[in-house]
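Structural overview for review
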Amino acid sequence: MGKMHHKYSHTHFSLLVLSLTLLCLYAPTGHSRPPFACDPRDAATGNLPFCRESLPFRDRVRDLIGRLTLQEKIRLLVNNAIAVPRLGIKGYEWWSEALHGVSDVGPGTKFGGAFPGATSFPQVITTAASFNASLWEQIGRVVSDEARAMYNGGTAGLTYWSPNVNIFRDPRWGRGQETPGEDPVVAGRYAASYVRGLQGNAAGNRLKVAACCKHYTAYDLDNWNGIDRFHFNARVSKQELEETYNVPFKACVMEGRVASVMCSYNQVNGKPTCADSDLLRNTIRGQWHLNGYIVSDCDSVGVLYDTQHYTSTPEDAAAATIKAGLDLDCGPFLAIHTESAIRAGKLSEADVNGALAHTLTVQMRLGMFDGEPSRQPFGNLGPNDVCTPAHQQLALEAARQGTVLLQNRARSLPLSTIRHRTIAVIGPNSDVTVTMIGNYAGVACGYTTPLQGIARYAKTVHQLGCNGVACPDNRLFGQAETAARQADATVLVMGLDQSIEAEFKDRVGLLLPGHQQELVSRVAMASRGPVVLVLMSGGPLDVSFAKNDPRVSAILWVGYPGQAGGTAIADVLFGRTNPGGKLPMTWYPQDYLAKAPMTDMALRANPSRGYPGRTYRFYKGPVVFPFGLGLSYTNFAHEIAHAPTAVSVTLATLDGLKNSTTSSNGVRVKHTNCGALSLGVEVDVKNTGDMDGTHSLLVFSTPPKGKGDLEKQLIGFEKVHVVAGGRQRVRIHIDVCKHLSVVDKFGIRRIQMGEHSLHFGDIKHSISLQATLGDIRT
């Protein structure tokens, strides 16, 4: 999702005025609840066919579209949809956000009055570090409870343009914090889980709220080295689009059954994504069977005409996007240019009807044409269901689960309330509030800062050490060193904030900003007790200096931990919580950046041109900390309880046998009977230490030797709690077609025959795949 693009040409001035006027007239304002469509007390409209809940959605939508004039239809193609008073339809603002809590970034949601704030969960990258799919779904349920409550109160919509499931490809990306990380399996499972939580499991194809997976596709550059997202053409191979960039979106649609997908600003291989019929109509709706609508990122249609000059006229831009499969424009472009496109014969009214059928059906599924919501499902939710103690406790639990212990020399953590009675709390992020919630956040219920959290366990001596994360000078270092000399232990809370990494702001380096590194080293040298470095950031950092400094006892990464971040940090520092998070992205050294320009979308290494590759699956160079790293205060061991050693891959067609098994590229997935290729692997996780702990079991696979260039790929993960000295059996589901396949250079997914290796921690298990001919009828 992008904030409105403001680089309008003069031709857009009247359009912008119109858009803002509509927004003022029709967006929910204040705290009075607007009337709802299809009120049965309205004799003129209450019993029209589109208001009859007993009719199928398609019949209701067809009836409604048939009653609209062309001008009314066109003004429903944009995010601030007009009212149609003669039909009892009020204006609706489609743009609301709920990335990690209900947000007021979009104009569809307002805080104040009975709804002064909402539960602000950790930023997505932190929650992803929990590797806990049930937690992700649970957060979605809570967020949608609060969203519905605010809708019932007239201060929010029901269409939320979240989550962001782009792959965190480059460590500099300012929006990487919004994503579930660099791995497509994690991103896909996060997408499906969070969407299920948001949308609920209401009967009859109904929705609690409508989620939206964004930004489709290969979008992961905002503004780097003079190139911005509005001008960027992502050159992506069919192979990497299929195996990586599109994977989370496919999971979102096919497994999460999301109600919406947002196309991105950038071009992919020379075409704007919002005007690419292959990406939209053929893939999202055709192959994946989206049951919902496709929306543009804000002003994307204007961007492809004005900035990218993809079409010669605005009418061509309107026609190209709607024909490609776009249903809704976030921005005013289609409201102005669609009618003239129809008059010019570039577009038909039937094309507009098709787009409206998708958006109106989603509104019907949300109950927006069923009258007063208090008599509907979720109609009883109100102010008492927002910022509840249970919701705030879940935000705390998510922050605890997302905390990653990167280093712990000589078991210096956890700290002891007996031995460490005075703690020096130092650093620009040591007493922050809004920094902890990252971007696309709302108004939190309240905050506990790191300083406040630590003060619950011990006496604190506080020094900032730096004026903000930019840390422009070392003038405050002396006080910080003095504090460290006086304390039994020192906690340095360092890192980044939205002034360094944000939407439209990619980083230029991976080192701590300004003089932060010097502050850490000088305080570590002065401290008389253990020194703990706590890093707050959305993206990876090169902290090799601290990793290699024997005076830095431990390193924690907390991402942006949400409203309860300070409590979670303190709970981990003092051992109330045993950390179990793992890194959802690779931490590269600073010199990686010189070899990998952000504009290079390739994931695979290319030694001949000095290109190192990207993500743990293809990058083979040195790392600061690897993907999946996360230590515990206890120790875990793995033992395979059950796993197959051989699997027969049955070919479904003779054609499949001819064209696939004779090729060293392996068997085409579409030629196999995938339904019979579901494997169950059972692993015993033993806690061999002396402290209860939660463990994320990550399962990786490696294809047969010489069959592909994957180093390894994650195929599954499960979270398990194991008491000290105990064991838990974990079952991992492996879908052979999905998890043990690779994608060839033509974008075709194939299963390699031969010996595949599964990795569970330090345990390795081999599975041999062999092709067999099924029941063929020629």
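Read on for an overview of the structure. (Residues numbered from 1 in each chain as written. Predicted model: local features only at pLDDT ≥ 70, side-chain atom pairs only at ≥ 80, totals over all residues. Heavy atoms only, no water.)

Turning our eyes to something else, we now look at the layout of surface pockets. Space inside the second largest pocket adds up to approximately 600 Å³. Taken together, 30 residues form the lining of the second largest pocket, with K582, F627, G628, L629 and L698 sitting closest to its centre. If you list the elements that add at least two residues to the lining of the second largest pocket, you get β17 (636–642) and β21 (693–702). Broken down by element, the residue count for the lining of the second largest pocket peaks at six residues, all from β21. (1 Å grid on protein atoms, 1.4 Å probe; cavity = no way out; pocket = protein on both sides within 12 Å on 5 of 7 lines; lining within 4 Å. Points joined across faces, edges and corners; volume = space filled by probe spheres on them. Helix = DSSP H or I, 4+ residues; strand = E, 2+ residues; numbered from the N terminus.)

Our focus in this paragraph is unusual backbone geometry. Cis rather than trans, the peptide bond between Y216 and T217 has omega equal to 5°. Despite not being glycine, F378 shows a phi value in the positive range, around 70°. Topologically, F378 is positioned in the loop between α13 (349–365) and α14 (389–402).

Further remarks concern the packing of aromatic side chains. Under the defined criterion, the tally for this structure stands at 25 aromatic pairs. On the basis of an interplanar angle of 80° and a centroid distance of 4.7 Å, the ring pair of F230 and Y265 is categorised as edge-to-face. On the criterion of sequence distance, the pair formed by F230 in the loop between β5 (227–228) and β6 (233–234) and Y265 in the loop between β7 (260–263) and β8 (267–268) is long-range, its members being 35 residues apart. Judged by relative accessible area, which is 4%, F230 ranks as buried. Relative to Y619, the ring of Y588 has its centre 5.1 Å away and its plane inclined at 65°; by these criteria the two rings are edge-to-face. In this pair, Y588 sits in the loop between α19 (565–573) and α20 (615–618) while Y619 sits in the loop between α20 and β17, placing the two residues 31 residues apart along the sequence. Each member of the pair, Y588 as well as Y619, carries the same accessibility label: buried. (Phe/Tyr/Trp six-rings, centres within 6.5 Å; stacked < 30°, edge-to-face > 60°. Buried < 20%, exposed > 50% of the residue type's maximum accessible area, 1.4 Å probe, protein only.)

The next point concerns the pattern of salt bridges. Across all of its chains, the model carries 46 salt bridges by this definition. For D39, the salt bridge is made with R41, and the minimal N-O distance between the two is 2.6 Å. The class for D39 is buried, based on a relative accessible area of 19%. Here D370 and R206 are joined by a salt bridge, their closest N and O atoms 2.9 Å apart. You can see D370 sitting in the loop between α13 and α14 and its partner R206 sitting in the loop between α6 (184–199) and β3 (213–216), a full 164 residues away along the chain. One continuous salt-bridge network, built from bridges that share partners, spans E639, E682, D684, K686, R727, R729 and R731. (Salt bridge = Lys/Arg side-chain N within 4 Å of Asp/Glu carboxyl O.)

Before going further, it helps to spend a moment on the nonpolar core. Counting residues in hydrophobic clusters, the biggest one holds 204 residues, and the most contacted among them are W161, F369, L535, V543, W557, L573 and W587. The leading source of residues in this core is helix α5 (residues 133–152), at 10 residues. In terms of nonpolar packing, the next biggest core, distinct from the first, is built from 29 residues, V667, V685, V699 and V720 among them. (Core = buried A, V, L, I, M, F, W, Y, C linked by side-chain atoms within 4.5 Å.)

Glancing now at the pairing of strand β12 (residues 422–426). For β12, a buried count of five out of five residues is recorded, marking the element as mostly surrounded by other parts of the structure. Side chains T422, A424 and I426 of β12 all project onto a buried face; the interleaved residues I423 and V425 project onto the opposite face, where all are buried too. Direction of pairing for β12 relative to strand β13 (residues 459–463): parallel, over a ladder of five bridges. From the neighbouring strand, V425 faces β13, where its bridge partner is H462. Viewed along the sheet, the connection from β12 through helix α15 (residues 450–455) into β13 turns out right-handed. Sheet analysis places β12 next to strand β14 (residues 489–495), joined by four bridges and oriented parallel. Its bridge partner lying in β14, I423 is registered against A489. (Pairing = 2+ DSSP bridges. Right-handed = clockwise from strand over helix to strand, strands pointing away.)

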